[in-house]
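Architecture at a glance
Listed below, chain by chain, are the residues.
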Amino acid sequence: MEATIALAGNPNSGKSTLFNALTGARQRVGNYPGVTVEKKEGRYEHNGLRLNIVDLPGTYSLTAYSPEEVVARDFLVAHRPALVVHVVDAANLERNLYLTLQFLELGVPVAIALNMIDVAAERGIRIDAEKLARLLGVPVVPTVARSGKGKEALMEAAAAAATARALIPPRFISYGSDVDPVLAEMSRRIETAGFLARRFPARWTALKYLEGDEQVRALGAKADPRLHAELETAVARLTEHLQATADTYPEAVIADQRYGFIRSLLMQGVVAHTGDRSRLFLSDKIDKVVTQRFVGPLLMAAVVWGLYHVTFGISKTPVGWVEGFFGWLKGAAGAHLEEGLLKSLITSGIIDGVGGVLGFTPLILFMFFGIALLEDTGYLARVAFMLDRVFRAFGLHGSSVMAFIVSGGIAGGCAVPGVMATRVLKSPRERLATLLTAPFMNCGAKLPVFALLTAAFFESHQALVMFGITAVAWVGALLVAKLLRTTVIRGAATPFVMELPPYRLPTLKGLMIHTWERTWQYIKKAGTVILAISILLWAMMTFPQLPEEVQAQFDERCAAVLAAAPAEIAAEIEAAKEAAAEGVELSAQARAVKEQLLTLEAEKAGAALEHSIAGRIGRALEGVSRLAGFDWRTNIALVGGFAAKEVVVSTLGTAYSLGEVDPEESGSLAEKLAETPGWRPLTALSLILFTLFYAPCFTAVVCIAREAGTWRWGAFAMVFNTLLAFTLAVLVYQTGSALGF
Amino acid sequence: MRRVPLRRIRENERAVIVAVRAEGELGRRIRDMGLVPGTAVTVTGRAPLRDPVALRVMGYTLTLRNNEADWIDVEVED
C-alpha cells in the first residue's frame, strides 16, 4: 500500500524539522515544474504502508500572493494528496488555524500536528487537543518535532486518515448576512455550469472571486468568459454595497469572519492560559538587546565578521588537505603518464581545473553551515528587520536582504539561488532591482578567486581584505540598485509585513541537511559544468598547437644547453628525470643547467599558449585590459569566468601550470602568482574589483533572464556589469599607479 | 477611548484594532497575519532607524513599516 501525504504549514512552525524527523536522510530535493520553489519529498513506513511525504513550501495563506502559495495550492488541487498534515505552532494557534480553515474550505482531508506543544506549555498555554479535533472534525496530534515526540502517533493518525479515503465535504463558514447570500448565489451558478469544477469546489471558487484572487480569475476568464463576467459583476455589486454601508471590502469581511470563527472556536475551552499573557518571553528579552538601536547594528556587524573569522579559521586545515590531495594526484598522474596531449589534458585540464574548485569545498561547507545557523536561529529575520529602512532608501525591500545574503552578502552564497530567492518579492520593480544587483555579491564562486589573490598579495590581512570585499559588494549593489530604481525601473514600494520568529536553538540534523544540500550543489557543479569547461578551456589553450618548426627550434635550444654542459651533468639530469618521483638531490652545477632548461620550457609553453585560440583572444583584449593592469593570461581567465566565476582560478592555474614541466614543483598557485613579474598588490586589487562586479556567470544570466521574463535583462546584466566593473578597475589601477603603488 | 493610526502607538502601549483600511495586496497580507478588527496589539519595539515597527499580535511578533501601520486604526485607552 502506498499513499501521498502533504506537509503544510506557516513558515517557522517547525514543518521542516518535522519533515526531517519523519524522513531522515531519505529525502529528494527538486523543483516544482516551471517555478524555482524547492520541492522536497521523503518517505515514511508505517505498518507496511508506505507514506510518500511531500513538504510543501511554508505559507500563511492560500491566496495567490506569492509563488509559494500558488505552488502549495496547485499541488493540493492537482495531486489531491490523501491527506494534508498541517503543522501548527501550538503557541500561535489563532493565526495558524487561519490556514487550516482554508484547507477545509478547499475540501482536502486535514490532520493537525500540534507542534512545539512543549514551548506552548512553557508559555502557559494549555490546549485541549481532543476538543479541537471534535470542533474541527479532523485528527489533532500534539508533537514536538525537535525530539520526534508524537511523530508515531501522528503517522498512525495520518495512515488511518489516508487509507480511510473518506470524502471530506468542504467546510462552510458563515461570512455574515451581506456576503452569505451572494456567495450562495455565486456557488449555485458555478455548480450548475460546472465552472472550474475539475479543479476546485464551487463555493471555494466563488470565495476566491470575492477575494479577488488573480489566479482563479484568470483561469475562470479562460474557461467560461460569460460566467466569469457575471461573477465579476456580482462581486462588484457586493463591493459597492459594502463600501456604501460599512466602508469595507468583501475580502476584508471574509478575513474578519474567518478570524471570528477561529476565536469563537478557541473560546469554547480549547485554549487555556495560565500566568501573565503579556509577560516578556525569552525571545523578546533577547530582541530588546539584539535589535537595540545602538547594540543591534554593532552586534550585526560583529556576527558577520565573526562568521568570516570562524569559517576561514576552521576551514584552513581541511582546505590544505584537499589541495594536498590534488597536488599529490597531479604528481602521481604526471609521473605515470607519457609526455603528450593526454597527460596535459589530465594534469592541466582536469586535475588542476576541478581540484582548484573542489579545494574550496571545506570553506563552502563551513560557510553554508554558518549561514544555516543564522537562518535557523531566527537571526536573519532580525537582520531584515533592522536593515529594511536602509534597503527602502535604495528602492529595495527588507526581503531583498535574503536574495543578497543567499547570493553572497555573507560571503559564500551563489547568485543562482539568490536570483531565484527574489521570487518572494511580489513587486516587479523591487524584485528586478534586487535580482539585477544580487549578483554583485561575494558569491562562493568568487571566493576562491579572492582567497587566491588575498593569499598571494595580502596574506597578513586576509580576513580584513575579505571583509572589505564584501563591504564593497554591498555598497556597490545598493548604489546600483538606487541608480536602477531611479532610471530604468522607477516606481513605488511593496508591503513589508513580516513575522519575527522566536529565537530557536537549531537542530543539528536540520543544520546538517541544510549544509549538505547546498554544498552538494556546489560539488555537483564542480563535477559537471566545471569539468566540461575545464576541458573546453584546456582545448582552447592547447589548440592550435605551435607550428612544428617552432617546436623544433625550442627542442634544439634545449639540446644545445645540454650539449654545452659537461657529460656527467647531462647524465645526472637524465637520471634525475627518470627517478623524478623519488626527488633526487641535484648537484649545484646540475641545478643551474636545469634552471636554464626550465626557463626554456616555460618560454615554449608561453609561446604555445599565446599561439592558441585563448591566447589570441587574450592578446586581442590586452590593449584595452592593460588600462586595468590585466595581461592576456588574466583576460583568458576572466573570459573563462563568464562560464562560472570559479573558473577564473582554474584557468589561471592552467595558464600558469602550462608554463611548468617539473611535476615535483606543485607549489600552490598563490605562490606562483606572487612570484610572477607584473603582478603586484595593485593588480590584485584591480582584478578583485573587476571579478566582483563584472558580468554574472552564464548560469546566473540565464536565471536573470528567466526571472525577469525577458532576455533583454540578461543581456543588460552582462553588458552593464562588465562596463561598470571595467570602469572601476581602471579607475583604481590608474589612480594607484599614479600614486606609486 | 481614543482612535488613532497604529503608527502613533507608543512602545509597550496596548491597543485594539478597529479598522484596516488597506485593500489589495497590502490589505490581504495584513489580514493574513491576523491584523483584523478586534485583534489586540502591543508595540514591542522599533528597528534601529525607528522603522519598521515590531508588534506583539496573538502571541507572536510581527513587523511592518510605519507607512503600512498608517492604514490600521486602533483604539487605545486613555
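Residues numbered from 1 in each chain as written. Chains lettered and ligands numbered in written order. Predicted model: local features only at pLDDT ≥ 70, side-chain atom pairs only at ≥ 80, totals over all residues.

Some details on the overall build of chain B
What counts here: A run of DSSP states H or I qualifies as a helix once it reaches four residues; a run of E qualifies as a strand once it reaches two. Both are numbered from the N-terminal end. Working definition of burial: number of other C-beta atoms within 10 Å of the residue's own, with buried at 20 or more, exposed at 12 or fewer, and partly exposed in between, all C-beta atoms being placed from the backbone. What counts as a contact is two residues whose backbone-derived C-beta atoms lie within 7 Å of each other.
A count of helical and extended segments in chain B gives two helices and six strands. Going from N to C terminus, chain B has its helices and strands arranged as β-β-α-β-β-β-α-β. For chain B, the spread of C-alpha atoms along the principal axes amounts to about 30 × 30 × 20 Å. Scored against the burial criterion, the 78 residues of chain B give a buried share of 56%. For chain B, restricting intrachain contacts to residue pairs at least 6 apart in sequence, the fraction spanning at least 24 positions comes to 55%.

Re the pairing of strand β6 (residues 110–115) of chain A
Residue and element names in this part refer to chain A. For clarity, the threshold we go by: Pairing between two strands is assigned when DSSP locates at least 2 bridges connecting them.
With six of six residues buried, β6 lies mostly within the body of the structure. Every second residue of β6 is oriented toward a common face, with V110, I112 and L114 on one face and A111, A113 and N115 on the other, all of them buried. Note: strand β5 (residues 83–89) against β6, six bridges, orientation parallel. Looking at β6, one finds that V88 is bridged to L114.

Side note on the nonpolar core
Residue and element names in this part refer to chain A. Stated formally: Here, a nonpolar core means buried Ala, Val, Leu, Ile, Met, Phe, Trp, Tyr and Cys residues linked by C-beta atoms lying within 7 Å of one another. Domain start and stop points were drawn from an automatic or database domain assignment.
In this structure, L7, V85, A90, A111, A158 and I704 are the most contacted members of the largest nonpolar core, which totals 220 residues. Each of domain 1 (2–164) and domain 2 (176–273) contributes no fewer than three residues to this core. With near-sequence residues (within four places) excluded, V85 lies in contact with I5, L7, A111, A113, L154 and A158.

What to know about the pairing of β5(A)
All names here are of chain A. Counted only if it meets this: Every crossover in which the path from the first strand over the helix to the second runs clockwise, viewed with the strands pointing away from the viewer, is termed right-handed.
Burial within β5 is extensive, with seven of its seven residues counted as buried. Alternating residues of β5 divide into L83, V85, V87 and D89 and V84, H86 and V88, and every residue in both groups is buried. In the sheet, strand β1 (residues 2–9) pairs with β5 via five bridges, with the strands oriented parallel. Within β5, the residue paired with I5 across the bridge is L83. The handedness of the β5 to β6 crossover, carried by helix α3 (residues 93–106), is right-handed.

Some words on the domain arrangement of chain A
Size of an interface, as often reported, equals the accessible area lost when the parts are brought together. Residue and element names in this part refer to chain A. Heads up, the condition is: Residues are grouped as follows: nonpolar covers Ala, Val, Leu, Ile, Met, Phe, Trp, Tyr, Cys and Pro; charged covers Asp, Glu, Lys and Arg; every other residue, Gly included, is treated as polar.
Under the domain assignment used here, chain A contains domain 1 (2–164) and domain 2 (176–273). Spacing between the C-alpha centres of domain 1 and domain 2 amounts to 25 Å. The interface of domain 1 with domain 2 comprises 20 residues on the first partner and 21 residues on the second. Among the elements of the structure, α2 (67–79), α3, β7 (125–127) and α5 (129–136) are those that each provide at least two residues to the side of domain 1 that touches domain 2. Of the residues forming the side of domain 1 that touches domain 2, the biggest block, seven residues, is contributed by α3. Split by residue class, the side of domain 1 that touches domain 2 holds 12 nonpolar, three polar and five charged.

Considering the interface of chain B and chain A
Taken together, the contact between chain B and chain A spans 32 residues of the former and 33 residues of the latter. Mapped by element, the contributors of at least two residues to the side of chain B that touches chain A are α1 (24–32), β3 (40–46) and β5 (60–64) of chain B. Considered class by class, the residues forming the side of chain B that touches chain A number 15 nonpolar, eight polar and nine charged. Judged from the three bridges that link them, strand β10 (residues 498–500) of chain A and β5(B) form a sheet pairing that is antiparallel. Bridge assignment links A:L500 to a residue of β5(B), and that residue is B:T61.

Remarks on the packing of helix α19 (residues 428–437) of chain A against helix α21 (residues 462–486) of chain A
Residues and elements named next belong to chain A. Stated formally: Note on geometry: axes are C-alpha line fits, over the in-contact stretch for helices, and angles between N-to-C directions span 0 to 180 degrees. The labels follow the angle: roughly parallel below 35 degrees, roughly antiparallel above 145, roughly perpendicular from 65 to 115, and oblique for the rest. Crossing handedness follows the turn of the near helix against the far one: under a right angle anticlockwise gives a left-handed crossing, and clockwise gives a right-handed one.
Running from amino to carboxyl end, α19 crosses α21 at an angle of 140°, the nearest separation of the two axes being 9 Å. As the angle between them shows, α19 and α21 are arranged oblique. In this structure, α19 crosses over α21, and the sense of that crossing is right-handed. Residue-level contacts link R429, A433, L436 and T437 of α19 to A477, V480, A481, L484 and R485 of α21. Among the residues forming the contact of α19 with α21, the class breakdown is six nonpolar, one polar and two charged.

Looking at the sheet that holds β5(B)
What the seven strands build is an open sheet, ordered β10(A)-β5(B)-β4(B)-β3(B)-β2(B)-β6(B)-β1(B); its pairing is antiparallel. Bordering the open sheet on either side are β10 of chain A together with β1 (2–5) of chain B, each of which pairs with just one other strand. Strand after strand, the sheet turns through a mean of 40° between neighbouring axes, direction not considered.

Points about the environment of A:E130
Residues and elements named next belong to chain A. Within the secondary structure, E130 is located in helix α5. Under the C-beta neighbour-count criterion, E130 is labelled exposed, with 10 such atoms within 10 Å. Between the alpha carbons of E130 and V270 there is a distance of 8.6 Å; along the sequence they are 140 residues apart.

What to know about the environment of A:F385
As for its placement among the helices and strands, A:F385 is situated in helix α16 (residues 379–393). Given 27 C-beta atoms within 10 Å, A:F385 falls into the buried group. Once the C-alpha coordinates of A:F385 and A:P696 are considered, the two residues, 311 residues apart in sequence, prove to be 28 Å apart. With near-sequence residues (within four places) excluded, A:F385 lies in contact with A:T291, A:G398, A:L500, B:A47, B:P52, B:A54 and B:T63.

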